[in-house]
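Close look at the chain arrangement
Spelled out, the chains give:
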Amino acid sequence: MLFRKRLVNEMVWVALGLFIVLLLIVLTTQIVRLLGEAAVGALASSAVWVVMGFAAVRYLPVLLSLMLFVSILAVMTRLWKDHEMVVWFACGRSVADFIRPVLGFAVPVVLLIGSMSLFVSPWASQKNREFREAALAKQDMTQLSPGVFREAGSADRVYFVENFSGMAQAGNNVFMQIRRGDKLSFILAERGGLYLDEQGDRWVWLKGAHAYEAVPGTLNYDLLQMESGRVRIEDPARPAVSPANQAQPTRALLGSKIPEQQAELHWRLALPIASLILALAAIPLAFFNARGGRMMNILFAGVLAFLYYNCMNIAQSWLASGKIPGWVGMWPLHLLAAGLTVWLYWWRSRLRR
């Protein structure tokens, strides 16, 4: 009882302090990024703090996974440095005896990570998208402010709308200037408005539009008349897994044949599995040799965890692009990590003998 109580209590307090530090780091980086988006009109200024809250909830599974691994590694390393492990070994304990108390601390956290990864994070992503879209619509269509010429951040598009109706979320007499390479295009439309598609990209929809395109300084113009159309405001880089799939409920991803949705499902399942494997691997990885350098074990453990998470990201990209079949998923990676963990226990027990 003393053995288990002492170990679990120390891991809990270290985990709480570490979680607060990690959460503050994430909130700081998110607020800087969101304020930058609000400055260029990509996000309504009134939505910054709410969106930051949803983003923090979305990142919680990763934060909890990192907190779990580092806290166990830190406590076990301290036991080695203070020679407490020698005392426990002298009392008849072995490395395998630490698995049970570590699991008593890790299993509730892993269950929390699994529930948040499968249910809470998708909900936060969906609410984040909905709030962004609603706040952007209330901000007088952001880049289509009535009576004002607005230039896009890339400086290749200029927008103007004569007036704006808050009820219809649309404007009359829309003007657009678009530069593509050495050509310049002008678009005049009777009506237009702004909306976000399922991928999170912003578009301007047009009704009764006329377009003129030519190379500046020439008299050869291409004319186009369209009843309706749309123009993307920005051309962002396409992520491997779209924000629309990140906001999908887990039940909607089950049984899906779409590679991107299969990749998102495997990523959600991978977080709790990787958290449990790393929590168990932290026990033998904490082995401390005073003659081998004070930070060597922590550096080695950090590299392994970094490689594990990066391999998960690579596997997710390959699943989304179809390079890995959906039925294979990330299971070979998890089996490899579990096998390496078993080998670490064997290696640590062999050294003790």
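Refer to the structure presented above.
What you see is a predicted model; the values in this text were computed from it and never measured.

**Quick word on the environment of Ile-298**
Residue placement: Ile-298 occurs in helix α8 (residues 296-321). Of the residues examined, Ile-298 reaches a relative accessible area of 31% and is grouped as partly exposed. Placed 11 residues apart in sequence, Ile-298 and Phe-287 show a C-alpha to C-alpha distance of 9.2 Å.

**Concerning helix α7 (residues 259-285)**
Think of an α-helix as turning once every 3.6 residues; residues three or four places apart then point the same way. Of all the bends in α7, the greatest, near 30°, is centred on Ala-270, and the proline Pro-272 appears no more than four residues after it. Among the 27 residues in α7, 21 count as buried, and that is most of the element.

**Side note on the nonpolar core**
Counting residues in hydrophobic clusters, the biggest one holds 58 residues, and the most contacted among them are Leu-68, Phe-69, Ile-72, Met-76, Phe-98, Tyr-308 and Met-312. Counting residues per element, the ones that place at least two in this core are α1 (2-39), α2 (48-81), α3 (84-90), α4 (99-138), α7, α8 and α9 (331-352). Sequence-distant contacts of Met-312, defined by excluding residues within four places in its chain, comprise Trp-267, Ala-270, Leu-271, Ala-274, Met-330 and Leu-333. The next biggest cluster of nonpolar side chains, apart from the first, holds 14 residues, and it includes Tyr-159, Val-161, Ile-187 and Val-204.

**Some thoughts on the packing of α2 against α8**
Running from N to C, α2 and α8 cross one another at 160°; their axes reach a closest spacing of 11 Å. The orientation of α2 with respect to α8, classified from their angle, is roughly antiparallel. Here α2 runs over α8; the crossing is right-handed. Only Asn-297, Ile-298, Ala-301, Ala-305 and Tyr-309 of α8 make contact with α2, whose side of the interface consists of Ser-65, Leu-66, Phe-69, Leu-73 and Thr-77. Residue composition of the contact of α2 with α8, by class: 7 nonpolar, 3 polar and no charged.

**Regarding the environment of Thr-77**
Within the fold, Thr-77 resides in helix α2. Between the alpha carbons of Thr-77 and Asn-297 there is a distance of 8.3 Å; along the sequence they are 220 residues apart. Here Thr-77 is in contact with Ala-286, Asn-297 and Ile-298, once residues within four sequence places are set aside. Polar side-chain contacts of Thr-77 include one of 2.6 Å to the backbone oxygen of Leu-73.

What counts and how
Residues numbered from 1 in each chain as written. Predicted model: local features only at pLDDT ≥ 70, side-chain atom pairs only at ≥ 80, totals over all residues. Heavy atoms only, no water. Helix = DSSP H or I, 4+ residues; strand = E, 2+ residues; numbered from the N terminus. Buried < 20%, exposed > 50% of the residue type's maximum accessible area, 1.4 Å probe, protein only. Bend = angle between axes of the 7 residues up to and from the residue. Core = buried A, V, L, I, M, F, W, Y, C linked by side-chain atoms within 4.5 Å. Contact = heavy atoms within 4.5 Å. Axes fitted to C-alpha atoms, helices over the stretch in contact; angles between N-to-C directions. Parallel < 35°, antiparallel > 145°, perpendicular 65-115°, else oblique. Left-handed = near helix turned anticlockwise from the far one by under 90°. Nonpolar A, V, L, I, M, F, W, Y, C, P; charged D, E, K, R; others polar. Polar contact = N/O pair within 3.5 Å; in protein donor to acceptor, adjacent residues only side chain to side chain.

Don't take any of this as a statement about function, it's just geometry.
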